[in-house]
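Read off the chains here:
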Amino acid sequence: MRSFALFPLLSLTALPPVAASTKLSDALSYVDPLIGSQDGGNVFAGATLPYGLAKAVADVDGQNTGGFGSDGSNVTGFSSVHDSGTGGNPSLGNFPLFPQICRGDDLDGCMYRIDERKVHYVNDSLRALPGHFSIGLESGIHAEMTVSEHAALYRFTFPAGDEHPHIMLDLTDLWKSRQNASIRVDNDTGRMTGNGTFLPSFGAGSYVMHFCVDFFGADIFDTGVWVNSRAGTDPKELFVTRGFNLFYIEAGGFARFTTTAPDRTVTARVGVSFKSSDQACRSAEAEISQPLDDFDRLVDEATTKWRQKLSPIQVKSGGASEDLLKSFWSGAYRNMIAPQNYTGENPHWDTGRPYFDSFYCMWDAFRVQHPFLTVVDPTAQAQMVQTLLDIYEHDGWLPDCHMSLCSGWTQGGSNADVVIADAYHKNLSSAIDWEVALRAVLADAEDEPLEWSVHGRGGLRSWKALGYIPYLDYDPLGFGTNSRSISRTLEYAYDDYCLATMAGGMGHADLEAKYLQRSTNWRNLWKADQASFINGSDTGFRGFFQPKYQNGTWGFQDPIACSALASFCSLTTNPSETFEASVWQYLFYVPHSSAALIDLLGGDDAFIKRLDYFHTVGLADISNEPVFLTVYMYHYAGRPALSARRIHTYIPKSFNASPGGLPGNDDSGAMGSFLFFSVLGLFPVAGQNVYLISPPFFEEVSITSPQTGKTATVRCSNFDPSYKNIYIQSTTVNGKPWTRSWIGHEFFVEGWTLELELGEKESSWGSEMVDRPPSFAANM
C-alpha cells in the first residue's frame, strides 16, 4: 500500500513574498443581482447591505423563494426581510407593503387579498444594483427601494390624478406561515406597528418579528385595518390568528394619502426587529433620520460598502468574456448576502459579540461558501464561527442549519464541525477559544441529542459499536428522520477526521488517534461486488457503497437512485439512504482518504475511468453541492490536467450571466463560490489546509488578505481566452519551482505569487505521488 500523510501540513516552507502588479477594476460594474433570479436559482435580487438584516425587494407569486423572480409573474407586495438562494418553502417576506389606487377612490374598491391585488410588473422597468432595486407595475405605480442595516426605505410614485394613494400592510409572510399577528395604526401619523409569529421555512419552532412603518411626503387622508376583502377606518388595531380549521385569514392595516400634483410620491420607512416594535422604530429613526432626503445617501453608502467588501479581489481578465466577469463578480457579491448579521436582535441572549443567523444550511455552505469568506472576509467568517460556538454554549449543540433564530433540519453530518476545523487549520482568528470549539465538536461526536433532526448526530450507539449507521437503525436514544444511512456514515466519518486533526493540532494525541480510526468507518459500507445498471445495461463497474442492516447483512439502494437519471431524494421527498445525491455521487465523498478510495477502486486508471463515466453519462449533478469536489478529484490520481479539462465542461455551460445563469439553488452563495474558486484556479478542500491548483479562467487574479494586508496573486503565462491552453506545464511560487498540485492557506495570508505556465497538452506536472494532495489511510 502506498503511504499517505496523516493530514495536511498546517504550514508550508516560508517563501519571500513577491509584489503583485495592481490590476484595478470597478467590481460593482460587473455585479448583476438578477443572475439566478430565474430557473430555480432563488437568489435575493433586491437591496441589501453586506450581511444586512434589512433586504427590500418586490415579492412575486411565481419564483418567490428569495422574494423576487424575473419570470414575469405578478407582484404581490414589497417586503423588507429575505433569505437568498434557498430551496423548499419561500423564506421570510414578512409584512409586505402594497401600493394601489382604489377603484372609484373608495375603500370598497381596494384590493386587499393577494389573489385580488396582485399585478404584473413591466419587464423593461426592472433595475437591480447593489443597494438599490426599482420596478414599475402595470397599474402605473413605480417603486424603488434601498436599505440601511435594520430598515428599508421605499418610494412609491403614483400616476397623475386626484385619487388618494393607498398603501396597505399585510400581516403575512411569503410562505403564509403566520400563526398570529397584530397591528396598530396611528390615526394622525399613519405609523404602523405590530408583530407576528411565523414558522421558519426549513426548521422547527417559531419566531416573532416586529415592524414599524412611517410615511412621508404626503398628508394622511385616513387610516384603518382590513380583513380579507374589506377595510374600515374603525378600529385602528387588529389581532389575527391563523384562522378557523386552518383557513388562512388575510388581514393588516392601511393608510390613504393626500398628495399635491405633480408630486405623487409617498415614501415609506420600514424598520424590522426580532426584539420589539420599539426597537424597530428606534433603528429606523437612527439609521434613516431624514427619509425624504436619505434615499440617495443610503444608495451611495450601500455602493461604498459593497465596493469595500469586494475590494480585496483584483482581476486582469486577459480577454476573458464580459459574461464570465459578470458571473464571477456577481458570485462573489452573493456570498456576502448571507449569513446575516443579527447583532443586537437576538431575543434569547446577548454576549456582547456579533451574532449571525441564516446559516441556511451548513450542508450546502461548508464546502465552498465559508472557505470563500475565510479568504475574502475573514473577519466576518471569524464572527460566524464564534456565533456557532455561542449557539453551542447557549443551546447545547452546534447547529447544522439555523434561520430566523430557529433550529433548521440537519441534512447530513454535523457539518459545523467541518467549518470549525477549516477555521482552525487556517488560523482564522486568535480571538476564538479553540478549547470551547473542541468541546463543541466532541459533543457532536459523542453525545446524541434527543432531537437529532435539528442538531448533532443520530445513531451514535450504532456508530460506536458497529462502525456505520445501519439501514433501519434501532435508535431509542434520539429521534430524527431515519434515512440517509449511507450519506450519514460518509459524512460522520469525515466529521470525525476533522475532529481528529483539530485535536492533534491542539496536542490531544489520544483523541487524534481515536477519531482518526473512526474516520475509516466509511469502508464498512463498501460492497465490493455491487454492480450498477442504467436502463437495464450493466455499466461494467463493481464496488459501491450500500446500506447495511444492524446484523451485518446488506440492504440495497440502486446506485443511480437519487440522481438526475432517476428521482430526487430529500428529507421529505422520497427519503433514501443518500441525501439529495446518488450512491454514484457519494462514491467520491471521502475527502480525507481519497488515495485509499483510489486503491479500493483498483488504482489511478480505474478511478479516472469511473470519474469520467460519472461526469459524462448524466449522473453528476452540478446543480447540487456534493458534486463540487468531484470535479477536481483527478488531482488525487495524479492527473490535475483532467480536473482542468472537466471544469471547462461546466463553465460557462452551466454558469452564465443571464437571469437563469445558475444550475440550481444558489444556497446562500454556494453556486457563486464554486464558480469563484474555479475561476481563481484554487479549489478548497473544506476542513483541510488544502487548495487544489488548476489554471484560472483569467490571466491574473489577486486577493489582498484583510488579515495581513498582503496580496496573493495567481498569474498565467501563455494565457488563452479561448481556453486552448488549459494545462499546467510548470509552476513557481515566489519564483521558485513548485511541483505540488496543491497549496495551503499561507498562500493568501503571506501574499505569495503563484505563476503557472500553460500549454495545449497535458504535462507530467503534479503527477508524482509526493506532489499529490495529502490523504490519510490507516493500516487496515
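Conventions we followed
Residues numbered from 1 in each chain as written. Predicted model: local features only at pLDDT ≥ 70, side-chain atom pairs only at ≥ 80, totals over all residues. Heavy atoms only, no water. Helix = DSSP H or I, 4+ residues; strand = E, 2+ residues; numbered from the N terminus. Rg over C-alpha atoms; globule rule 2.2 N^0.38 Å. Contact = heavy atoms within 4.5 Å. Phe/Tyr/Trp six-rings, centres within 6.5 Å; stacked < 30°, edge-to-face > 60°. Buried < 20%, exposed > 50% of the residue type's maximum accessible area, 1.4 Å probe, protein only. Disulfide = S-S within 2.5 Å. Domains from an automatic or database assignment. Buried area = accessible area lost by both parts, 1.4 Å probe. Salt bridge = Lys/Arg side-chain N within 4 Å of Asp/Glu carboxyl O.

- Per an unreviewed UniProt entry, the recorded name for the protein is Alpha-1,2-mannosidase, and the organism is Cordyceps javanica.

**A word on the overall build of the protein**
Line of reasoning, step 1. Within the protein, the secondary structure is distributed over 18 helices and 33 strands.
Line of reasoning, step 2. Taking 780 residues into account, the globule formula puts the C-alpha radius of gyration at 28 Å, and the protein, at 27 Å, falls close to it.
Line of reasoning, step 3. Its C-alpha atoms put the protein at 85 × 60 × 55 Å along the principal axes.
Line of reasoning, step 4. Sequence separation of 24 or more characterises 70% of the internal contacts of the protein that already satisfy a separation of 6 or more.

**Things to note about the packing of aromatic side chains**
Line of reasoning, step 1. Counted under the stated rule, the structure contains 44 aromatic pairs.
Line of reasoning, step 2. Measuring from centroid to centroid gives 5.1 Å for Y471 and Y549, while their planes differ by 65°, and the two rings are edge-to-face. In this pair, Y471 is assigned in the loop between helix 10 (460-466) and helix 11 (485-505) and Y549 in the loop between strand 25 (537-545) and helix 13 (583-586), connecting sequence segments 78 residues apart.
Line of reasoning, step 3. The class of Y471 is partly exposed, set by a relative accessible area of 23%.
Line of reasoning, step 4. For the ring pair F588 and F607, a centre distance of 5.9 Å and an interplane angle of 80° mean the geometry is edge-to-face.

**As for the state of the cysteines**
Line of reasoning, step 1. The full count for this structure, using the stated rule, is four disulfides.
Line of reasoning, step 2. Bridging C102 to C110, the disulfide has an S-S length of 1.9 Å. Taking the torsion about the S-S bond as the criterion, the C102 to C110 disulfide, at about 90°, is right-handed. Per residue, the accessibility class of C102 equals that of C110, and both read buried.
Line of reasoning, step 3. Bridging C562 to C569, the disulfide has an S-S length of 1.8 Å. Residues C562 and C569 are joined through a disulfide that is left-handed, its torsion about the S-S bond being -80°.
Line of reasoning, step 4. Counting only the cysteines that form disulfides, in the order they appear in the protein, gives the pairing 1-2, 3-4, 5-6, 7-8.
Line of reasoning, step 5. The structure places no disulfide on C406, whose sulfur is separated from the nearest cysteine sulfur, that of C401, by 11 Å.

**Comments concerning the domain arrangement of the protein**
Buried accessible area, meaning the area lost when the parts come together, often serves as the stated size of an interface.
Line of reasoning, step 1. In terms of domain boundaries, the protein breaks down into domain 1 (39-307) and domain 2 (338-680).
Line of reasoning, step 2. The gap between the C-alpha centroids of domain 1 and domain 2 is 37 Å.
Line of reasoning, step 3. With 32 residues of domain 1 at the interface, the matching set in domain 2 holds 36 residues.
Line of reasoning, step 4. Interface area for domain 1 against domain 2, summed over the two sides, is near 2500 Å², with a carbon-plus-sulfur share of 54%.
Line of reasoning, step 5. If you sort the residues of domain 1 by the area they bury against domain 2, Y51, F202 and F274 come out on top, with a joint share of 33%.
Line of reasoning, step 6. Across the domain 1-domain 2 interface, the total number found is zero salt bridges.

**Examining helix 2 (residues 277-287)**
Line of reasoning, step 1. The complete set of buried residues in helix 2 reads S277, Q279, A280, C281, S283, A284 and E287.
Line of reasoning, step 2. Considering only its buried residues, helix 2 is in contact with strand 9 (151-157), strand 12 (192-198), strand 13 (207-216), strand 18 (265-273) and helix 3 (295-310).

**Concerning the pattern of salt bridges**
Line of reasoning, step 1. Applying the stated rule across the entire model yields 31 salt bridges.
Line of reasoning, step 2. Here D105 makes a salt bridge to R256, at a shortest N to O gap of 3.9 Å. Of this pair, D105 sits in the loop between strand 4 (97-100) and helix 1 (114-117) while R256 sits in strand 17 (residues 251-258), and the two are 151 residues apart along the sequence.
Line of reasoning, step 3. Taking the relative accessible area as the measure of exposure, R256 reaches 6% and is therefore buried.
Line of reasoning, step 4. Ionic pairing is found between R297 and D294, a salt bridge with its closest N-O pair at 3.2 Å.
Line of reasoning, step 5. Overall, D294 belongs to the buried group, its relative accessible area being 7%.
Line of reasoning, step 6. Taken together, the shared-partner salt bridges connect D417, E446, R457, K464, D496, K514 and R518 into one network.

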